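Structural overview
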Amino acid sequence: MEVPGELVGALRRARSVCVLTGAGVSAESGVPTFRDARTGLWERYDPLELATPEAFEQNPRLVWDWYAWRRELVREAEPNPAHHALAELEELVPEFVLVTQNVDGLHRRAGSRQVVELHGNLGYVICASERTPVSPDEFVPAGEDRPPLCPRCGSYLRPDVVWFGETLSMGRISEAQAAAAGCDVFLSVGTSSVVYPAAGLASEAARSGALVVEVNPQQTPLSGASDHVLRAPAGTALPALVDALKD
Ligand code: APR
């Protein structure tokens, strides 16, 4: 795949690179995205049924089981060439921060180190009241119509992910915003750019003079505002970008 020379030059000169990823970067690992018409996860499930505090209140066992199903799905998935290319890019630039909306943990499994998991991580379970981590060997086992319980306070356990209507951790948001505001090149990869605050990071980067690049086979609200659009799957575009940088 052809990568614009101006983009390769900007990456070569860049002191700092910030990357934002969404579900599309894991699509080639077989992890369904949320809004893609074909296989979008939400097409089969109503987000308001499953990924909100109210849903958990009304039907904790259903919400727990849905996330357990997604955890299994992700456990069977492997990082794809897009994840590996981003782990390699991190070694090729002086400063690098990867902000992800994904909760599948595949970036860390591919070797990325500076990762900000804006929406949390499916692999972790917390007490719904204390919000403290609980490891599987501590679970009070699930009942017929309830999730496992916290061994300390007896409250329901829940996945350590941010649900619709919940606030993101201020620490993670400011880390992501600082990375976007301080970078020379901003890559937005595999996201529909419709969920904030993540979708606002690209304009934060542009305001600070960064070159903004979108990697997505489809058009998004960010496409028109990007300096470059690599209209291709991340598993093709990102390895091509890294190869061009190493040439
Ligand atoms: N490579 C790159 N992009 C891809 C690929 C691919 N192989 N396949 C699909 N895409 C793109 C789609 O075109 C789409 O723009 O990935 C994007 C996926 O968009 P969404 O499904 O909306 O996922 P995302 O942007 O991560 O959603 C943001 O919304 O539901 C909440 O919390 C959830 O983190 C999620 C947030």
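What counts and what doesn't
- Residues numbered from 1 in each chain as written.
- Predicted model: local features only at pLDDT ≥ 70, side-chain atom pairs only at ≥ 80, totals over all residues.
- Heavy atoms only, no water.
- Helix = DSSP H or I, 4+ residues; strand = E, 2+ residues; numbered from the N terminus.
- Rg over C-alpha atoms; globule rule 2.2 N^0.38 Å.
- Buried < 20%, exposed > 50% of the residue type's maximum accessible area, 1.4 Å probe, protein only.
- Near = heavy atom within 4 Å.
- Polar contact = N/O pair within 3.5 Å; in protein donor to acceptor, adjacent residues only side chain to side chain.
- Areas by Shrake-Rupley, 256 points an atom, 1.4 Å probe, with all protein chains shown as cover.
- 1 Å grid on protein atoms, 1.4 Å probe; cavity = no way out; pocket = protein on both sides within 12 Å on 5 of 7 lines; lining within 4 Å.
- Sits in = over half its atoms within 2 Å of the grid points.
- Phe/Tyr/Trp six-rings, centres within 6.5 Å; stacked < 30°, edge-to-face > 60°.
- Lys NZ or Arg CZ within 6 Å of the ring centre and 35° of its normal.
- Core = buried A, V, L, I, M, F, W, Y, C linked by side-chain atoms within 4.5 Å.
- Contact = heavy atoms within 4.5 Å.
- Points joined across faces, edges and corners; volume = space filled by probe spheres on them.
- Nonpolar A, V, L, I, M, F, W, Y, C, P; charged D, E, K, R; others polar.
- Domains from an automatic or database assignment.
- Buried area = accessible area lost by both parts, 1.4 Å probe.
- Salt bridge = Lys/Arg side-chain N within 4 Å of Asp/Glu carboxyl O.

Moving on to the overall build of the protein chain. For the protein chain, the count of helices and strands is 10 helices and 8 strands. Against the globule reference of 18 Å for 247 residues, the protein chain gives a C-alpha radius of gyration of 19 Å, in line with a compact fold. When the backbone C-alpha atoms are referred to their principal axes, the protein chain occupies close to 60 × 35 × 30 Å. Counting over 247 residues, the protein chain shows a buried share of 52%.

Neighbouring the ligand are 22 residues; Ala-23, Phe-34, Arg-35, Thr-191 and Ser-192 lie closest to it. Glu-28 is positioned with one of its side-chain polar atoms (N or O) 2.8 Å from a nitrogen atom of the ligand. Summarising the interface, the protein chains cover 93% of the accessible area of the ligand, which totals 730 Å² for the free molecule. The site holding the ligand turns out to be the largest pocket.

Right, let's get into the packing of aromatic side chains. Counted according to the given criterion, the structure contains 5 aromatic pairs. Taken together, a centroid distance of 6.1 Å and an interplanar angle of 80° make the contact between Phe-56 and Tyr-156 edge-to-face. Note that Phe-56 is positioned in helix 4 (residues 53-58) and Tyr-156 in the loop between strand 4 (120-127) and strand 5 (157-161), a separation of 100 residues in sequence. Ring pairing ties together the aromatic residues Phe-56, Trp-66, Tyr-67, Tyr-156 and Trp-163, which thus form one cluster. Here the guanidinium or amino end of Arg-70 rests over the ring plane of Trp-66, the centre of that ring lying 4.8 Å away. The ring of Trp-163 has Arg-158 sitting right over it, with the charged end atom 3.8 Å from the ring centre.

This part is about the nonpolar core. Counting residues in hydrophobic clusters, the biggest one holds 33 residues, and the most contacted among them are Leu-7, Val-17, Leu-89, Val-185 and Leu-238. Elements represented by at least two residues in this core include exactly helix 1 (5-13), strand 1 (16-21), helix 6 (81-92), strand 2 (95-100), strand 6 (185-189), strand 7 (211-215) and helix 10 (234-246). Contact partners of Val-185, with chain neighbours within four places excluded, come to Leu-7, Ala-10, Leu-11, Ala-14, Ser-16, Val-17, Cys-18, Ala-210, Leu-211 and Val-213. Core analysis: the second largest hydrophobic core is formed by 19 residues, Leu-168, Ala-180, Leu-201 and Val-212 among them.

Another aspect to go through is the layout of surface pockets. Roughly 950 Å³ of internal volume is contained in the largest pocket. The wall of the largest pocket is formed by 48 residues, among which Gly-22, Ala-23, Phe-34, Arg-35 and Asn-102 lie closest to the centre. Of all elements in the fold, only helix 2 (41-44) and helix 5 (60-76) reach the threshold of two or more residues within the lining of the largest pocket. The leading source of residues in the lining of the largest pocket is helix 5, at 5 residues. Tallied by class, residues from the lining of the largest pocket come to 26 nonpolar, 15 polar and 7 charged. Here the lining of the largest pocket spans two domains, since at least three of its residues come from each of domain 1 (1-31 + 79-119 + 168-247) and domain 2 (32-76 + 124-161).

Turning to the domain arrangement of the protein chain, a few remarks are in order. Parsing the protein chain into structural domains produces domain 1 (1-31 + 79-119 + 168-247) and domain 2 (32-76 + 124-161). Distance between the C-alpha centres of domain 1 and domain 2: 28 Å. Taken together, both faces of the contact between domain 1 and domain 2 bury some 920 Å²; the carbon and sulfur share is 60%. When the buried area of domain 1 at its contact with domain 2 is split by residue, Ala-23, Val-31 and Val-103 rank highest and sum to 40% of it. On inspection of domain 1 and its partner domain 2, the count reaches 0 salt bridges. For the pair domain 1 and domain 2, the number of links is 1 residue pair in polar contact (both at pLDDT 80 or more). The residue inventory of the side of domain 1 that touches domain 2, partitioned by class, reads 6 nonpolar, 4 polar and 3 charged.

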